[in-house]
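The chain contents come next:
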Amino acid sequence: MIQIGLIGAGNISQTHADAAAQIEGARVVAVCGRTREHADRLAARAGAAAYDDLERFLAYRPMDMVVIGSPSGLHAEQGIAAARHGLHVLTEKPIDTSTSRADRLIAEAARAGVTLGVIFQDRMKPDIARLKALIDAGRLGMPILASASVRWHRPLEYYKGSAWRGTQALDGGGALMNQGVHTVDLLLWLFGPVRRVFGKVTTRLHAIDVEDTAVATLEFESGAIGTIEAATSAYPGYARQIALTGSEGTVKLDGDRLAAIDLRSPLSGDVVSEVSAVSVAASSPVVSDISAHRAVFEDFIAAIARGVPPMCDGAQGRASVAVIEAIYRSSSTEQPVDVTPIE
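Not measured: the values here are computed from a predicted model. (Residues numbered from 1 in each chain as written. Predicted model: local features only at pLDDT ≥ 70, side-chain atom pairs only at ≥ 80, totals over all residues. Heavy atoms only, no water.)

### Looking at the sheet that holds strand β8 (residues 194-202)
The cut-off we apply is this: One requirement defines pairing of two strands: DSSP has to find at least two bridges between them. In this text, helices come from DSSP runs of H or I with a minimum length of four residues, and strands from runs of E with a minimum of two, each type numbered from the N-terminal end. Note on definitions: a residue-residue contact is assigned when non-hydrogen atoms from the two residues lie within 4.5 Å. Axes here refer to lines fitted to C-alpha atoms; in helices the fit is confined to the stretch in contact. Angles between the N-to-C directions go from 0 to 180 degrees.
Strand order in this open sheet of eight strands is β13-β12-β11-β7-β10-β9-β8-β14, and the pairing throughout is mixed. The open sheet has two edge strands with one neighbour each: β13 (257-263) and β14 (337-338). When strand β7 (residues 143-151) meets strand β11 (residues 241-246), the two strands line up antiparallel, connected through six bridges. Following the sheet pairing, Leu-145 is matched in β11 by Thr-245. Running over the sheet, helix α6 (residues 126-136) touches β11, β12 (249-254) and β13 and is turned about 25° from β13. Sheet strands touched by helix α8 (residues 175-191): β7, β8, β9 (213-220), β10 (225-231) and β11. Its angle to β7, the strand with the most contacts, is close to 155°.

### As for the side chain of Asp-171
Heads up, the condition is: Buried, partly exposed and exposed residues are distinguished by accessible area as a fraction of the type maximum, computed with a 1.4 Å probe on protein chains only: under 20%, between the cut-offs, and over 50%, respectively. The sign given to each residue is positive for Lys and Arg and negative for Asp and Glu; His and the chain ends receive no count. Put simply, a salt bridge is a Lys or Arg side-chain nitrogen that is within 4 Å of an Asp or Glu carboxyl oxygen. For this analysis, a polar contact is any N or O atom pair within 3.5 Å, provided that within protein one partner can donate a hydrogen and the other can accept it, and provided that sequence-adjacent residues contribute only side-chain to side-chain pairs.
Tracing the chain through its elements places Asp-171 in the loop between α7 (156-160) and α8. Despite its burial, Asp-171 pairs with no opposite charge, the nearest such side chain being Arg-165 at 6.4 Å. A polar side-chain atom of Asp-171 sits 3.0 Å from a polar atom in the side chain of Asn-178. If near-sequence neighbours (up to four positions away) are discounted, Asp-171 is found in contact with Ser-72, Thr-97, Trp-164, Arg-165, Gly-166, Met-177 and Asn-178.

### Focus on the nonpolar core
Counted only if it meets this: We call a set of buried residues a nonpolar core when its members are Ala, Val, Leu, Ile, Met, Phe, Trp, Tyr or Cys and they connect through side-chain atoms within 4.5 Å of each other.
Membership of the largest hydrophobic core comes to 74 residues, with the highest contact counts inside it found for Phe-57, Val-66, Val-197, Leu-218, Leu-244 and Val-323. The element that contributes the greatest number of residues to this core is α8, accounting for eleven residues. Apart from the residues within four sequence positions on either side, Leu-244 is in contact with Leu-131, Ile-135, Leu-140, Leu-145, Ala-146, Leu-187, Leu-190, Phe-191, Gly-249, Thr-250 and Val-251. Listed in part, the 23 residues of the second largest apolar core include Ile-2, Ala-39, Leu-42 and Ile-119.

### Digging into the pattern of salt bridges
Considering all chains together, one arrives at 23 salt bridges under this definition. Note that Arg-36 is salt-bridged to Asp-52, the shortest N-O span being 3.9 Å. Highlighted residues: Arg-36 in helix α2 (residues 36-46) and Asp-52 in the loop between β3 (49-51) and α3 (54-58), separated in sequence by 16 residues. By relative accessible area, which is 33% here, Arg-36 ends up partly exposed. The salt bridge partner of Asp-254 is Arg-257, with a shortest N-O separation of 3.9 Å. Asp-254 sits in the buried class, given a relative accessible area of 16%.

Treat this as a map of the structure, not an account of what it does.
Structure, rendered in structure tokens:
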């Protein structure tokens with residue numbers, strides 16, 4: 001039995017509790033939330049102890065790992081505190097809102113000898129996993145061109161509903177750092193590291209501190225080039241799209257569905273789903289299907305047991321933040337910016 005503590009008591013922590021409940025040999029034993037009422041409610045549902053004090057929560061035993069679902073700008077601080085208590089750390093995306101804080105968390109987890117992982121559940125979705133296997137097998141060939149579009153919509157109530165959303169201090173960014181980060185992670189995971197960006201971010205619709213609309217060009221280390229656009233200003237919200245072109249053809253994701261596989265050398269298994277792309281995330285922050293989160297938890301628990309890195313470790317989780325950080329810097333300087341490598 002692995003004993004899990006939840007940091008955060010909002011919507012995403014409810015997803016974490018529900019995912020853990022579906023895993024044999026896992027149990028949520030404690031919940032820590034800044035609002036005690038919320039912590040009490042989630043803890044009661046999970047049959048766990050409730051706290052509104054982080055240090056008292058981290059001292060709870062038995063507890064083996066924490067799952068962080070608090071505001072993004074607190075992830076590194078809380079993860080470092082957990083690591084110092086000898087607890088394994090699985091944090092929601094992004095790993096934090098800056099590479100400097102991400103680096104401190106990565107270093108502390110290594111010093112403490114605990115496993116560090118970042119929740120990018122899209123990697124676990126069946127068609128995306130199929131696409132990853134196809135690319136890893138070399139069937140797309142030499143990377144040439146990538147295009148990603150995240151035209152999502154969030155109403156003003158979304159930002160008003162939580163004091164931290166849309167703030168520089170705790171959200172660290174908007175359409176890119178919060179919503180688009182999943183797609184940045186997929187671009188890096190599928191197409192390789194990015195070395196330079198040139199971007200522009202703006203706030204066109206919402207009265208928030210950070211961007212609700214962003215566009216950037218990307219230069220990959222492989223020599224490939226690409227674009228990404230991300231928005232929470234695009235009513236009514238469309239499914240994410242990613243198209244990747246290599247020397248051997250082009251593939252396309254429509255939402256989480258592998259919608260096109262057009263290769264020079266097709267195989268009999270290169271079939272696409274006929275199911276239309278329905279993306280709840282395009283217009284809602286609520287996770288309606290927890291199966292991918294459950295798969296992330298299972299992978300992380302197995303990584304602890306085997307002493308190997310999880311599907312997305314700290315360094316990989318940092319990579320998407322480094323790209324987004326560079327886009328923000330490019331927008332403010334109106335110049336291309338190199339992506340900061342890990343120290």
